[in-house]
Amino acid sequence: MALQGGGVFNYHHIPSVTRAYTTACLITTAAVQMELISPFQIYFNPDLIFKRLQIWRLVTNFLYFGQLGFGFLYNMIFTYRYCRMLEETSFRGRTADFVFMFLFGGLVITVFGLFVNLSFLGQAFTLMLVYVWSRRNPQIHINIFGIMTFQAPYLPWVILSLSLLLGDSILLDSLGEIFFLLQASM
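Residues numbered from 1 in each chain as written. Predicted model: local features only at pLDDT ≥ 70, side-chain atom pairs only at ≥ 80, totals over all residues. Heavy atoms only, no water.

Asker: Explanation requested: the overall build of the protein chain in the structure shown.
Answerer: In terms of regular secondary structure, the protein chain is built from eight helices and two strands. Counted from the first residue to the last, the protein chain has its helices and strands arranged as α-α-α-α-α-α-β-β-α-α. Within the protein chain, contacts between residues at least 6 apart in sequence are counted, and of these 61% link residues at least 24 apart. Accessible surface computed for the protein chain: about 10700 Å², of which carbon and sulfur atoms make up 66%. (Helix = DSSP H or I, 4+ residues; strand = E, 2+ residues; numbered from the N terminus. Contact = heavy atoms within 4.5 Å. Areas by Shrake-Rupley, 256 points an atom, 1.4 Å probe, with all protein chains shown as cover.)

Take a look at the structure:
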């Protein structure tokens, strides 16, 4: 697969955290798709986590974005793109800080996830990555479908608006937004 500048795609040139997370997401989705595991074995369920000590659910619920299709592709593109851009720019040479942001973001989303009825928190996590990137890159202009151009800090609000227009639940967007607001106030 050729990329911009005539380069060839090289898996090992993807930054380490981005490579590990997106690979885990792809493997998890493939395992569910091939029926090696069931979504019921990996979804976020506080009762199973705390009463039956199924601790893996604290991680696996962030790795599954649903069945293969447009929604999965959309989430994986956003995850890969904004995770990579953050790791290569804002966190360049600071992998430990990036991992800490991952853990802190996952913790915040998980805590708020305890109060809402969501099975998978990966989409909220992806949106958190988008929100952090947009705040760290206020000068960048984004063009959506050749229709609308705006500066990066407005990207979270555009995504929220698109979710509303498409009739999707904005609960996941809101969880990512909470982290964004917490991070912006730090």
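Asker: Could you clarify how one ought to interpret helix α4 (residues 70-88) in this entry?
Answerer: In an α-helix, one full turn covers 3.6 residues, which means residues spaced three or four apart are oriented alike. Along its 19 residues, α4 runs 27 Å from first to last C-alpha, staying within 8% of the 27 Å computed at 1.5 Å per residue. If you check which residues of α4 are buried, you get Phe72, Asn75, Met76, Phe78, Thr79, Tyr82, Cys83, Leu86 and Glu87. In an axial view of α4, the angular spread of the buried residues amounts to 165°, which keeps them on one side of the axis. (Expected span 1.5 Å × (residues − 1). Buried < 20%, exposed > 50% of the residue type's maximum accessible area, 1.4 Å probe, protein only. Arc of directions from axis to C-beta.)

Asker: Sorry if this is basic, but what is going on with the state of the cysteines here?
Answerer: The bond known as a disulfide is covalent and runs between the sulfur atoms of two cysteines. In this structure the tally under the stated criterion is zero disulfides. Of the cysteine sulfurs around Cys25, a residue in no disulfide, the closest is that of Cys83, at 9.0 Å. Accessibility expressed as a relative area gives 0% for Cys83, which makes it buried. (Disulfide = S-S within 2.5 Å.)

Asker: Explain the packing of aromatic side chains to me, please; I cannot follow it from the model alone.
Answerer: The description of an aromatic ring pair uses the distance of the two centres, along with the angle that the planes make with each other. The final tally for this structure, using the stated rule, is twelve aromatic pairs. Residues Phe40 and Tyr43 carry aromatic rings whose centres are separated by 6.3 Å and whose planes lie at 90° to one another, so their mutual orientation is edge-to-face. A relative accessible area of 66% places Phe40 in the exposed class. Connected via pairs of aromatic rings, a cluster forms that spans Tyr21, Phe62, Phe91, Phe98, Phe102 and Phe125. A cation over a ring is seen here: Arg19 above Tyr11, with NZ or CZ 5.8 Å from the ring centre. The lysine or arginine in question, Arg81, covers the ring of Tyr82, its NZ or CZ lying 5.5 Å from the ring centre. (Phe/Tyr/Trp six-rings, centres within 6.5 Å; stacked < 30°, edge-to-face > 60°. Lys NZ or Arg CZ within 6 Å of the ring centre and 35° of its normal.)

Asker: Could you clarify how one ought to interpret the pattern of salt bridges in this entry?
Answerer: Once their charged atoms are close, side chains differing in charge can pair, the charge on each being opposite to the other. Taken as a whole and assessed by the stated rule, the structure comprises three salt bridges. For Glu88, the salt bridge goes to Arg84, with nearest N and O atoms at 2.8 Å. Of this pair, Glu88 and Arg84 both sit in helix α4, four residues apart, which is roughly one turn of the helix. Note that Asp97 and Arg94 form a salt bridge whose closest N and O atoms lie 2.8 Å from each other. Given the relative accessible area of 38%, Asp97 is considered partly exposed. Looking at Arg94, the relative accessible area reads 35%, which means it is partly exposed. (Salt bridge = Lys/Arg side-chain N within 4 Å of Asp/Glu carboxyl O.)

Asker: Would you mind going over the UniProt feature "transmembrane region" (unreviewed entry) in the protein chain with me for this structure?
Answerer: In the numbering used here, UniProt assigns the "transmembrane region" (unreviewed entry) feature to residues 20-37, 58-80 and 100-133. Split by type, residues 58-80 is 61% helix and 0% strand. Its first and last C-alpha atoms lie 21 Å apart. (UniProt positions renumbered as here; feature names shortened; annotations may be inferred.)

Asker: Explain the nonpolar core to me, please; I cannot follow it from the model alone.
Answerer: In a soluble, globular protein the nonpolar side chains are often hidden away together inside. Counting residues in each nonpolar core, the largest one holds 37 residues, and the members touching the most others are Met101 and Phe102. For this core, the elements supplying multiple residues, two or more each, are α1 (16-33), α4, α5 (95-113), α6 (122-136), β1 (141-144) and α7 (155-165). Sort the elements by how many residues they give to this core and α6 lands first, with nine residues. Once residues lying within four places of it in the same chain are set aside, the contact partners of Phe102 are Val17, Tyr21, Cys83, Phe125 and Leu129. (Core = buried A, V, L, I, M, F, W, Y, C linked by side-chain atoms within 4.5 Å.)

Asker: Where do I start with α1 in this structure?
Answerer: Counted at 1.5 Å a residue, the expected span for α1 with its 18 residues is 26 Å, and the 25 Å between its end C-alpha atoms agrees. Within α1, the full set of buried residues consists of Val17, Thr18, Tyr21, Thr22, Thr23, Cys25, Thr28, Thr29, Ala31 and Val32. On its buried face, α1 is in contact with α4, α5 and α6. Count one or two residues on from α1 and you reach Glu35, which has phi positive near 60°.

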